[in-house]
Amino acid sequence: MKKDFLYSQIAQNIAALIRSGVLKPGDKLPSIRTICQEQGISMNTAKRVYLELESKALVISRPQSGYFVTEGAYRQLPLPAASKPSEKDSRSIPDQLISKIYGGPARKGITLLSIGVPAPGLLPVAKLNKCLLKASRELKDSSIGYEPLAGSERLRQAIAKRSFMWGGRLSSDDIVTTNGGLNAISLCMQALTKSGDTIATESPLFSGILQLAQSLGLRVLELPTHPQTGVDIKALKSVVKNINLCLLVSNFSTPLGCCMPDEHKKEVVTLLEQHHVPLIEDDLYSDLYFGPSRPVSCKTFDKTGNVLWCGSVSKTLAPGYRVGWVAPGRYKEQVLRLKYVHMLANPTLTQEATALFLESGGYDLHLRKLRDTLYTNYLHYTNAIAAHFPEGTRISRPQGGLSLWVELRKGIDTVELYEQAIRQKISIAPGRMFTLQPQFDNCLRLSFGLPWSEQLQRKLQQLGRIACNL
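Now for a description of the structure that goes with this document.

Parameters and conventions
Residues numbered from 1 in each chain as written. Predicted model: local features only at pLDDT ≥ 70, side-chain atom pairs only at ≥ 80, totals over all residues. Heavy atoms only, no water. Core = buried A, V, L, I, M, F, W, Y, C linked by side-chain atoms within 4.5 Å. Buried < 20%, exposed > 50% of the residue type's maximum accessible area, 1.4 Å probe, protein only. Helix = DSSP H or I, 4+ residues; strand = E, 2+ residues; numbered from the N terminus. Contact = heavy atoms within 4.5 Å. Phe/Tyr/Trp six-rings, centres within 6.5 Å; stacked < 30°, edge-to-face > 60°. Pairing = 2+ DSSP bridges. Axes fitted to C-alpha atoms, helices over the stretch in contact; angles between N-to-C directions. 1 Å grid on protein atoms, 1.4 Å probe; cavity = no way out; pocket = protein on both sides within 12 Å on 5 of 7 lines; lining within 4 Å. Points joined across faces, edges and corners; volume = space filled by probe spheres on them. Nonpolar A, V, L, I, M, F, W, Y, C, P; charged D, E, K, R; others polar. Parallel < 35°, antiparallel > 145°, perpendicular 65-115°, else oblique. Patch = residues over 30% accessible without salt bridge, like charges linked within 9 Å, V, L, I, M, F, W, Y side chains within 5 Å. Areas by Shrake-Rupley, 256 points an atom, 1.4 Å probe, with all protein chains shown as cover. Salt bridge = Lys/Arg side-chain N within 4 Å of Asp/Glu carboxyl O. Left-handed = near helix turned anticlockwise from the far one by under 90°. Expected span 1.5 Å × (residues − 1).

Soluble globular proteins tend to pack their nonpolar side chains together in the buried interior. Among the nonpolar cores identified, the biggest contains 129 residues, and I14, L53, M189, I280 and L446 are the most heavily contacted of them. Per-element accounting of this core gives the leading share, 11 residues, to helix α13 (residues 362-388). Leave out the neighbours within four places in its chain, and L446 touches L113, Y381, I385, L402, S403, L404, V406, I428, L460 and L463. Listed in part, the 20 residues of the second largest apolar core include A200, L248, C298 and V307.

This part is about the packing of aromatic side chains. Summed over the entire model, instances satisfying the criterion amount to 12 aromatic pairs. Relative to Y375, the ring of F290 has its centre 5.2 Å away and its plane inclined at 55°; by these criteria the two rings are tilted. On the criterion of sequence distance, the pair formed by F290 in the loop between β10 (279-282) and β11 (307-312) and Y375 in helix α13 is long-range, its members being 85 residues apart. Take F290: its relative accessible area is 17%, and that puts it in the buried class. Geometrically, the ring pair formed by Y381 and F448 is edge-to-face, given 6.2 Å between the ring centres and 75° between the ring planes. Here F448 lies in the loop between β17 (443-447) and α15 (454-469) and Y381 lies in helix α13, a separation of 67 residues in the sequence. For Y381, a relative accessible area of 0% translates into the label buried.

Pairing within the open sheet is mixed, and its 7 strands lie in the order β4-β12-β11-β10-β9-β5-β6. Either end of the sheet is taken by a strand with one partner, and the two such strands are β4 (176-178) and β6 (219-223). Strand-to-strand twist in this sheet, taken as the mean axis angle between neighbours without regard to direction, amounts to 20°. Examined bridge by bridge, strand β9 (residues 245-248) and β10 share 3 bridges and lie parallel to one another. By the bridge assignment, L247 is partnered in β10 with I280.

Applying the stated criterion across every chain, the model contains 1 cavity of 30 Å³ or more. Quantified by volume, the largest cavity comes out at close to 210 Å³. Every residue lining the largest cavity is counted, 18 residues in all, and those nearest its centre are R162, D287, R294, W309 and W325. Of the residues belonging to the lining of the largest cavity, the class tally is 10 nonpolar, 4 polar and 4 charged.

In a pair of packed helices, the angle between the axes and the distance between the axes together describe the arrangement. For the pair helix α12 (residues 348-360) and α13, the least separation of the axes is 4 Å and the interaxial angle reads 80°. The angle between α12 and α13 falls in the class roughly perpendicular. Packed against α12, whose contacting residues are F357, L358 and S360, the element α13 presents G362, Y363 and H366 at the interface. Residues that form the contact of α12 with α13 fall into these classes: 3 nonpolar, 3 polar and no charged.

The subject of this paragraph is a nonpolar patch on the surface. Residues Y146, Y340, V341 and L344 make up a contiguous nonpolar surface patch of roughly 500 Å² in combined accessible area. Given a relative accessible area of 52%, Y340 falls into the exposed group.

What follows is about the packing of helix α7 (residues 181-192) against helix α8 (residues 207-215). At a minimum axis distance of 11 Å, the contact between α7 and α8 shows a crossing angle of 30°. Judged by the angle between their axes, α7 and α8 are roughly parallel. Crossing handedness for the pair α7 and α8: right-handed. Contacts between α7 and α8 involve L182, I185, S186 and M189 on the former and, on the latter, G208, I209, L212 and A213. Classifying every residue of the contact of α7 with α8 by side-chain character gives 6 nonpolar, 2 polar and no charged.

A separate point is the environment of G449. By the element assignment, G449 lies in the loop between β17 and α15. Residue G449 is classed as buried on the basis of its relative accessible area, which comes to 0%. Leaving out residues up to four positions away in the same chain, G449 has contacts with V117, P118, A119, L122, L374 and L402.

Another aspect to go through is α7. An ideal rise of 1.5 Å per residue puts 16 Å on 12 residues; α7 measures up with 17 Å between its terminal C-alpha atoms. Of all 12 residues that make up α7, 9 are buried, and the element is covered over most of its length.

Turning our attention to the pairing of β11. In terms of burial, β11 is a largely internal element, 6 of the 6 residues being buried. Residues of β11 alternate between two faces, with V307, W309 and G311 on one and L308, C310 and S312 on the opposite face, all of them buried. Bridge count between β10 and β11: 4 bridges; the pairing is parallel. When the bridges of β11 are listed, L279 appears paired with V307. Sheet analysis places β11 next to strand β12 (residues 324-327), joined by 4 bridges and oriented antiparallel. Following the sheet pairing, W309 is matched in β12 by A327.

Structure, rendered in structure tokens:
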């Protein structure tokens, strides 16, 4: 067994004992010498085990005494309640609130807990710049010509190769590149609907998708959603005859961070195919898993081309590159026609640079580091919220992604929380942004894509104090 894998595996086993409550806050852990003897490892490897656990705030070193489980380690708050939106279609989007939070305050000096992307310091900027230079040298026309309508062949080939990791079995011909993930979803919605049609979605859901649906004149039917398992299958069955389209974020959705079980994904794909309802699958968070492997997608179970699988590198690699894609299945021609009308072609250079990075193996190395950082951040956030937020607070337990959903006591208005927090240079995303219905007023989304620091910890403590005062 490789040393890197060995120390990480031992650390994971100890973390699992802490998580399950076998090791409790304050318990003393075996000494480094004992770990060496029991596991048959070197002193350096044993030290790496405890450094790994310390980085996740699970253990603390006390001079002359050893290592102990921290007092805040895995202090689990209750899960938020499953959503219960009205069975009627939704109509009201808080555009003014969304504009204020995403486009209002100048970002300089603001702690952006509201923006669901990794901070630039967590992204491989220097390596991407090298890929840009290499791409500009290798392209015949120095990237100033038009790409083929379907997009960069090199990028589509790289995406297709990665699909075998989750059973996608895609070829480059199955994929159409887009200007980011939301553009992929937009093309799919326009290709499959007309004004007045009904689209079923989970609730809560990313505000950008809700705004897009309303701008196209669609009726949005929000479905009950569990914070761990995703959309309620029974609720979807009850409305499937009355909808024209379904959109789901199958893995680590924002804001809940839930992940649909494999059997649910398979059941949804079968159900929608039987009723001839296309499924747009927004799958841009799947590479940010905290478990041992990437989860499969709804597209994995698609045998007829009824699933339009959308993705991008905006949440994992380069938000500003605007590199996205869709595997539209049997709807490819409709999507291509719309792309020709609205875009004609994608920017060449960023597509080629992304393809080079995917081909080099650098993407997987970057993802391993990013996932570890995000998981550690999630644990830090959880401990800070448990220690400083009001009594009765509930939080989600995402299995991946970038978002933490926080439910405060009824009566605490998170729009007011935002107004007070922004004066202290803290930006949050109130829950009302993620629905078209009058719900989630006492909820908020926090992004854990910022590097953890003492300053960030103080900001979360400050946010907790403001919430307590409310």
